[in-house]
Amino acid sequence: MRALLSLAIGSFGIGMTEFVVMGLLPNIARDLAPTAWAASPDDAIAQAGWLVSLYALGVVVGAPTIAGSVARFPRHRVMIVLAAALTFFTLLTVIAPTFELVAASRFLAGLPHGAYFGIGALVAADALGPGNRAKGVAFVLTGLTIANVVGVPLGTLLGQQVGWRAAFAVVAGIFLLATVSIAFFVPAHPGMPGRRLRDELRVFRLAQVWFALGIGAIGFGGFFAMYSYIAPMITDVAGQPEWVVSLVLVLVGIGMTVGNVVGGTLADKDLRFWLRVGLIALALASVGLALAAGWIVSLAFFAFLVAFCGAALSPAIQTRLMDVAEDNQSIAAALNHSALNIGNSLGAFLGGLVIAAGLGLVAPAWVGAVLALAGLVVAIVSYCVEDRTGRHPAHRMPASEAARTAITGSIPTQG
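Computed from a predicted structure; not experimentally measured. (Residues numbered from 1 in each chain as written. Predicted model: local features only at pLDDT ≥ 70, side-chain atom pairs only at ≥ 80, totals over all residues. Heavy atoms only, no water.)

Observations regarding the overall build of the chain
Here is step 1: Helices and strands together make up the secondary structure of the chain, namely 19 helices and zero strands.
Here is step 2: Taking the intrachain contacts of the chain between residues at least 6 apart in sequence as the baseline, contacts between residues at least 24 apart amount to 85%.
Here is step 3: As displayed, the chain offers around 15,300 Å² of accessible surface, 71% of which is attributable to carbon and sulfur atoms. (Helix = DSSP H or I, 4+ residues; strand = E, 2+ residues; numbered from the N terminus. Contact = heavy atoms within 4.5 Å. Areas by Shrake-Rupley, 256 points an atom, 1.4 Å probe, with all protein chains shown as cover.)

Here's what the structure looks like:
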């Protein structure tokens, strides 16, 4: 249990470092881009949104490459190195004096993210022994869940009151605690000596894998277009004080948690149907947010719905990707992480683009609706091609199981 708790501490830190920046964008923009802030706060916030995109790009690059490259090394040692890297790069964010250096540190901090979850899930799956593997993965995942419900709102409040760097200093301390705990409590865990990165990369030959990645990268971007700019929507559009941001983020975290579980259950019933319904629901929730953002109660309600719908899509996308990956399950799990973080980067980038274009702070919600519908188009095309060729996936992973692993990017084997 101490081993699982050690890994969960790290996943809690990852949840905070990825999402706390979104609630602190105005504070970061004011501090790191004072000239732009003085000229136009909206432009400064759009510039700060690059920090979200760069972290996500780090995950996209690091998840498959690191996970594939270190597969042959003992996993417990890899986890120590990954946790130490997260500590170091987060400290760079704390001390970096300029926007450019903070941006570089955010990209670097994203690199170990996907590999930590993927390899950590494999370690957790074996820690409890046969018959309890999924429980081990689920326990580690609770760190990320708690981070969204508790850590991110509290970190946002701390950053608003003390300074945004204080929030990241706390995150660095959490990663340091995780590093020490993993070193002491995670037992030796062998790697796969014969595994090489080039063997894993064969998954890219499969057309349906690209379609599945497109659904995640484009459709899930609809959620992040909203989430990346939720703070200025609350303070500038709804006219609320900064402390209200933390309360709304609690609702968003609850929406993500419940949506992930519900989405897995629904997708198990009919993956095709619920994947398409989920994308339509995400688009409608985004439109509702755009139309009702001026009143804090309706803003909070639709932000909850966007989070719920976005998280409900996650296990469905994970399941679809695993279904079409054939015997390349390991790299496909990591690629799921990459796809969702491309959505993170794309949503944040396009949201910042429309704000910088003078379309207002509500414009990212409209972007979210467009991205969700674009993801729906990719899903429809994917299934049409599959039906026309008659090449249906032989492997089908239960979506309820994917709900436990969609964020970790790894698949627990059954004992």
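That was the structure; now back to the text.
Thoughts on empty space enclosed by the protein
Over the atoms, a rolled probe matching the size of one water molecule traces out where space is still vacant.
Here is step 1: Across all of its chains, the model carries two cavities of 30 Å³ or more by this definition.
Here is step 2: Here the largest cavity defines a volume of roughly 40 Å³.
Here is step 3: Considering the residues around the largest cavity, the lining is formed by Gly-23, Pro-26, Asn-27, Gln-160, Ala-231, Pro-232, Thr-235, Glu-242 and Val-245.
Here is step 4: Elements with a minimum of two residues in the lining of the largest cavity: α2 (25-32) and α13 (230-237).
Here is step 5: Looking at which element gives the most residues to the lining of the largest cavity, the answer is α13, with three residues.
Here is step 6: For the lining of the largest cavity, the class distribution of residues is four nonpolar, four polar and one charged. (1 Å grid on protein atoms, 1.4 Å probe; cavity = no way out; pocket = protein on both sides within 12 Å on 5 of 7 lines; lining within 4 Å. Points joined across faces, edges and corners; volume = space filled by probe spheres on them. Nonpolar A, V, L, I, M, F, W, Y, C, P; charged D, E, K, R; others polar.)

Observations regarding the pattern of salt bridges
Here is step 1: All told, the structure shown has five salt bridges when counted by the stated rule.
Here is step 2: Ionic pairing is found between Glu-242 and Arg-30, a salt bridge with its closest N-O pair at 3.6 Å. Here the residue Glu-242 occupies a position in the loop between α13 and α14 (243-269), and Arg-30 occupies one in helix α2, the gap between them amounting to 212 residues.
Here is step 3: The partner of Arg-272 in a salt bridge is Glu-386, and the shortest N-O contact between them spans 3.0 Å. A residue pair is termed long-range when its members are at least 10 positions apart, and Arg-272 in helix α15 (residues 271-292) and Glu-386 in helix α18 (residues 363-389) qualify at 114 residues.
Here is step 4: Three or more residues joined by partner-sharing salt bridges are found here, namely Arg-272, Arg-320, Glu-386 and Asp-387. (Salt bridge = Lys/Arg side-chain N within 4 Å of Asp/Glu carboxyl O.)

Observations concerning the environment of Pro-112
Here is step 1: Secondary-structure assignment places Pro-112 in helix α7 (residues 99-127).
Here is step 2: Taking the C-alpha atoms as reference points, Pro-112 and Thr-65, separated by 47 residues in sequence, lie 10.0 Å from one another.
Here is step 3: Setting aside its immediate chain neighbours within four residues, Pro-112 contacts Ile-66, Leu-82, Ala-85, Leu-86 and Phe-89.

Some words on the confidence of the model for the chain
The predicted coordinates of low-pLDDT regions are not to be read in fine detail.
Here is step 1: Mean pLDDT over the chain: 84, with 85% of residues reaching 70 or higher.
Here is step 2: For the chain, per-element mean pLDDT is lowest for helix α19 (residues 399-405), which scores 47, and highest for helix α9 (residues 164-185), which scores 96.
Here is step 3: Low pLDDT (under 50) marks residues 402-415, which in the prediction has 59 contacts with non-local residues, meaning those over four places away or in another chain. (pLDDT = per-residue confidence, 0-100.)

A closer look at α13
Here is step 1: α13 sits mainly inside the fold: six of its eight residues count as buried.
Here is step 2: One or two positions beyond α13, positive phi appears at Gly-239, with a value near 70°. (Buried < 20%, exposed > 50% of the residue type's maximum accessible area, 1.4 Å probe, protein only.)

Describing the packing of helix α11 (residues 207-219) against α18
Here is step 1: Two elements in contact, α11 and α18, have axes whose closest approach is 8 Å; the angle formed by their N-to-C orientations is 165°. When the axis of α11 is compared with that of α18, the two are roughly antiparallel. Where α11 crosses over α18, the handedness of that crossing is left-handed. Only Leu-371, Ala-372, Ala-374, Gly-375, Val-378, Ala-379, Val-381, Ser-382, Val-385 and Glu-386 of α18 make contact with α11, whose side of the interface consists of Gln-208, Phe-211, Gly-214, Ile-215, Ile-218 and Gly-219.
Here is step 2: Among the residues forming the contact of α11 with α18, the class breakdown is ten nonpolar, five polar and one charged. (Axes fitted to C-alpha atoms, helices over the stretch in contact; angles between N-to-C directions. Parallel < 35°, antiparallel > 145°, perpendicular 65-115°, else oblique. Left-handed = near helix turned anticlockwise from the far one by under 90°.)

Remarks on the nonpolar core
Here is step 1: Residues Phe-223, Tyr-227, Ile-230, Val-248 and Leu-299 are the most contacted members of the largest nonpolar core, which totals 75 residues.
Here is step 2: When residues in this core are grouped by element, the largest group, eleven residues, is from helix α16 (residues 296-324).
Here is step 3: The contacts of Phe-223, once residues within four sequence positions are left out, are Met-256, Leu-282, Val-306, Ala-307 and Gly-310.
Here is step 4: Formed by 31 residues, the second largest nonpolar core is a distinct cluster that contains Ile-9, Val-78, Ala-147 and Ala-178. (Core = buried A, V, L, I, M, F, W, Y, C linked by side-chain atoms within 4.5 Å.)

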